[in-house]
Amino acid sequence: MGQDVDAREFSREDRTIYRAKVRRCLDVFARMLSEYDLSVEHTHVGIEIEFNLVDDQGDPALKNAEALEAIADEDFQTELGLFNIEINVPPARIAGRGLDVLQDSLRDDLNQAQVKAAEVGAHLVMIGILPTLDEGHLSRESISANPRYHLLSDQILAARGEDIEIVIDGVDRLATTADSIVPEAACTSTQLHLQVEPDDFAPMWNAAQAIASVQVAVGANSPFLLGQQLWHETRIALFEQATDTRSEELKAQGVRPRVFFGERWITSVFDLFEENVRYFPALLPIVDEEDPLVELEAGRIPNLPELRLHNGTVYRWNRPIYDVSGGRPHLRIENRLLPAGPTVVDTMANAALFYGLVKVLGSSDRPVWSQLSFRAAEDNFHQAARSGIDTEIYWPSVGTVSVRELVLRQLLPLAHTGLEEMGVDTEVRDRLLGIVEQRCIAGRNGATWLIGELGHQLGATKDRIAAMRATTRSYEEHMHGGEPVHSWPTRS
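Throughout this document, residue positions are counted from 1 along each chain, in the order its sequence is written. Side-chain atom pairs in this predicted model are given and counted only at pLDDT of 80 or more, local residue features only at pLDDT of at least 70, and totals for whole chains, interfaces and linings cover all residues. Side-chain measures here rest on the full set of heavy atoms in the structure, leaving out hydrogens and waters.

A. Structural view of the overall build of the protein chain. Counting secondary structure elements, the protein chain contains 17 helices and 15 strands. Taken over the C-alpha trace, the protein chain has a radius of gyration of 22 Å; the compact-globule value for 492 residues is 23 Å, and the two agree within 12%. In terms of overall dimensions, the protein chain has a C-alpha envelope of 70 × 50 × 45 Å along the principal axes. The buried share of the protein chain, reckoned over its 492 residues, is 60%. Any two residues having at least one pair of non-hydrogen atoms within 4.5 Å are treated as being in contact. Long-range pairs, those at least 24 residues apart, make up 76% of the contacts in the protein chain with a sequence separation of at least 6. To measure how exposed things are, a 1.4 Å probe is used in the Shrake-Rupley method; for residues, cover is taken only from the protein chains shown. Taken as a whole, the protein chain presents about 18,800 Å² of accessible surface, with 45% of it coming from carbon and sulfur. Numbering of helices and strands starts at the N terminus; helices are DSSP runs of H or I of at least 4 residues and strands are runs of E of at least 2. Note that the radius of gyration is over C-alpha atoms, with the globule rule given as 2.2 Å times the number of residues to the power 0.38. Think of it in three bands: residues with accessible area under 20% of the maximum for their type are buried, residues over 50% are exposed, and the middle band is partly exposed, with areas taken using a 1.4 Å probe on protein chains only.

Here is the structure:
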């Protein structure tokens, strides 16, 4: 939910009007799918990355306003926590050397931002969860000044009717509560965007859901939270709980969570928007002046503002997006399940794996989801978040298999084919997918490196806080060095 909103309170009438308007938008969207040209002439991809800000000691720096003022680049924006900022890399065509264009743009922006932010005592770190966060950083006072974040937090807490409870069992056990959604700010992610033809949306979204477990296992980078070692990708469990509007009683009744893996395999993009309207009450019932039906019948392109705002408050790991750019409406998949980091090149390798697999699996004559239950895909996803790169999952025609073996033997060749079909240059796909290959051979991703590094630091000092700081500083040094994480030195 990236658009700005004003601080305000909502009445019962606001919610009634908004519900009617969202349904009107949904009806118009259904007509657009059959009447409008939402085709994609050239496939574009884009990336958003959320960063943590740290000080010289590796502790969170609550300075996003100062950092953004120093960076002075419209590609960088505020985020939920005062220790977060986000970069939106301008989209590029994926064909040819498009992924290199994204990588170079991201690397240049990061280098310049790092220099400027350092002037105000802040350093940018790409990591799923910052190891040095403590309970004091996850209070309401850490929410960014933008009214939309306070408003969203207030609405989620009001819907829930009680404080948010965070309970995660991993290697250690964490149990805490929060009086706002600021624990969500601990979850810094990479979001991959892929423009999709309307007729291809359903199979590509289904493919994205099927490979979610593989993405999380290979890309895990969030093993610590509040001093505890939890899941390899603790972000998944934390985000699901930090944005949960349900009380214990509503959970027991089977009410769906707003952080939502999904309901089923779909046959149309419409299924997802319709589910959002049917299952989830409004969090931010803000009504726009646009009448989408008037716009449609006048031959203009409706923006569908209420539908888009509502969609932005349902946190699917693969979110459907309707947008208008350059006077043309289009659809895209927003893949939201990966953590930030560890490096720019690791990020691009994760992107190449996602784009290649979605392309080839989405056009398969016998698609993987026809042989995999939706619940099995969801179980795979959560198991991968727990266990990371050494996870074993269920995969059709194979049975239970380690993710590393599955990627090396089956999925990497498919990803190569998918990228080739998208026109990606051979050198680009070999280099990026080669990083994923080496990660699987070595069994080393961000999470495993962090766990090993913390063990080394704890051997040098029995002070866990000092060890977390040293681990964070070491990670930051390697991150900015830019070499892929599988090549980082390990110490035992």
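So much for the structure itself; the text now carries on.
B. Structural detail: the nonpolar core. We define a nonpolar core as any set of buried Ala, Val, Leu, Ile, Met, Phe, Trp, Tyr and Cys residues linked to one another through side-chain atoms lying within 4.5 Å. In this structure, Leu-99 and Tyr-355 are the most contacted members of the largest nonpolar core, which totals 155 residues. The leading source of residues in this core is helix 12 (residues 344–362), at 13 residues. Residues contacting Tyr-355, with those up to four places away along its chain left out, are Val-45, Gly-46, Ile-47, Ile-94, Leu-99, Leu-192, His-193, Leu-194, Leu-419 and Met-422.

C. Region of interest: unusual backbone geometry. Look at the link from Gly-341 to Pro-342: it is a cis peptide, with omega at 0°. Among the secondary structure elements, Pro-342 is positioned in the loop between strand 13 (328–339) and helix 12. A positive phi angle, close to 50°, is found at Ala-72, a residue other than glycine. Mapped onto the secondary structure, Ala-72 falls in the loop between helix 2 (64–71) and strand 2 (76–78).

D. Representation of helix 1 (residues 12–35). With 24 residues, helix 1 extends 35 Å between its outermost C-alpha atoms, agreeing within 8% with the 34 Å of an ideal straight helix rising 1.5 Å per residue. Those residues of helix 1 that fall on the buried side of the exposure criterion are Asp-14, Tyr-18, Lys-21, Val-22, Cys-25, Leu-26, Val-28, Phe-29 and Met-32. Looking at the buried side of helix 1, the elements it contacts are helix 9 (269–279), helix 10 (292–297), helix 11 (305–311), strand 12 (318–325) and strand 13. Between the first and last residue of a helix there are one fewer steps than residues, each counted as 1.5 Å, and that sum is the expected span.

E. Spotlight on a negative patch on the surface. Here a patch means residues that are over 30% exposed by relative accessible area and free of salt bridges, tied together within 9 Å if like-charged and within 5 Å if nonpolar (Val, Leu, Ile, Met, Phe, Trp, Tyr). Any Lys or Arg side-chain nitrogen found within 4 Å of a carboxyl oxygen on Asp or Glu counts as a salt bridge. Here Asp and Glu are counted as negative and Lys and Arg as positive; His is not counted, and neither are the chain ends. Each charge is placed at NZ for Lys, CZ for Arg, CG for Asp and CD for Glu. On the surface, Glu-141, Glu-162, Asp-163, Glu-165, Asp-179 and Glu-249 cluster together into a patch of negative charge. Within the secondary structure, Asp-163 is located in the loop between helix 4 (147–160) and strand 5 (164–169).

F. The environment of Ala-282, seen in detail. By the secondary structure assignment, Ala-282 is in the loop between helix 9 and helix 10. For Ala-282, a relative accessible area of 19% corresponds to the buried category. Put simply, Ala-282 and Glu-306 are 24 residues apart on the chain and 9.8 Å apart in space, counted from C-alpha to C-alpha. Apart from residues no more than four positions distant in its own chain, Ala-282 is found in contact with Arg-15, Tyr-18 and His-310.

G. Molecular detail of the pairing of strand 12. Most of strand 12 sits inside the fold, with 6 of its 8 residues counted as buried. Inspection of the sheet shows strand 12 paired to strand 13 by 8 bridges, in the antiparallel sense. Each bridged residue has a counterpart across the sheet, and for Asn-318 the counterpart in strand 13 is Asn-335. Here, strands pair whenever DSSP counts at least two bridges between them. In this structure, the hairpin formed by strand 12 and strand 13 is closed by a connection of 2 residues, where Gly-326 is found at a positive phi of approximately 60°.

H. The side chain of His-486, seen in detail. Structurally, His-486 is set in the segment after helix 17 (464–481). The residues contacting His-486, other than those within four sequence positions of it, are Ile-435, Gln-438, Arg-439 and Arg-444.

I. Just the environment of Ile-129, in detail. Mapped onto the elements of the fold, Ile-129 is located in the loop between strand 4 (123–125) and helix 4. Along the sequence, Ile-129 and Asp-425 sit 296 residues apart, while their C-alpha atoms lie 34 Å from each other. Residues within four places of Ile-129 in sequence aside, it is in contact with Ala-186, Thr-188, Asn-221, Ser-222, Phe-224, Leu-225, Thr-234, Arg-235 and Leu-238.

J. Up close: the environment of Gly-161. One can find Gly-161 in the loop between helix 4 and strand 5. Given a relative accessible area of 62%, Gly-161 falls into the exposed group. Along the primary structure Gly-161 and Glu-420 are separated by 259 residues, whereas in three dimensions their C-alpha atoms are 51 Å apart.

K. The packing of helix 12 against helix 14 (residues 403–421), seen in detail. What counts as an axis is a line fitted to C-alpha atoms, over the stretch in contact for a helix, and the angles between N-to-C directions run from 0 to 180 degrees. Two numbers describe how helix 12 lies on helix 14: the axes approach to 7 Å, and their chain directions differ by 80°. It follows from the interaxial angle that helix 12 and helix 14 lie roughly perpendicular. In contact with Ala-352, Leu-353, Tyr-355, Gly-356, Leu-357, Lys-359, Val-360 and Leu-361 of helix 12, helix 14 contributes Leu-411, Leu-412, Leu-414, Ala-415, Thr-417, Gly-418, Leu-419 and Glu-421. Three classes are used, and their members are as follows: Ala, Val, Leu, Ile, Met, Phe, Trp, Tyr, Cys and Pro are nonpolar, Asp, Glu, Lys and Arg are charged, and the others, Gly among them, are polar. Broken down by class, the residue content of the contact of helix 12 with helix 14 amounts to 11 nonpolar, 3 polar and 2 charged. In this scheme, roughly parallel covers angles under 35 degrees and roughly antiparallel covers those over 145, while 65 to 115 is roughly perpendicular and the rest are oblique.

L. Region of interest: helix 4. With 14 residues, helix 4 should cover 20 Å at 1.5 Å per step; its first-to-last C-alpha distance of 20 Å lies within 8% of that length. Along helix 4, the positions that sit buried rather than exposed are Arg-148, Tyr-149, Leu-151, Leu-152, Ser-153, Gln-155, Ile-156, Leu-157 and Arg-160. At its buried positions, helix 4 is contacted by helix 1, strand 2, strand 5 and strand 11 (315–316). Looking one or two residues past helix 4, Gly-161 carries a phi angle of roughly 80°, positive in sign.

M. Spotlight on the pairing of strand 5. Taking every second residue as pointing to the same face, the buried face of strand 5 carries Ile-164, Ile-166 and Ile-168, while none of Glu-165, Val-167 and Asp-169 on the other face is buried. When strand 5 meets strand 6 (residues 173–178), the two strands line up antiparallel, connected through 6 bridges. Bridging across to strand 6, Val-167 finds its partner in Ala-175. Counting the residues that bridge the hairpin from strand 5 to strand 6 gives 3 residues.

Taken by themselves, the reported measurements are silent on function.
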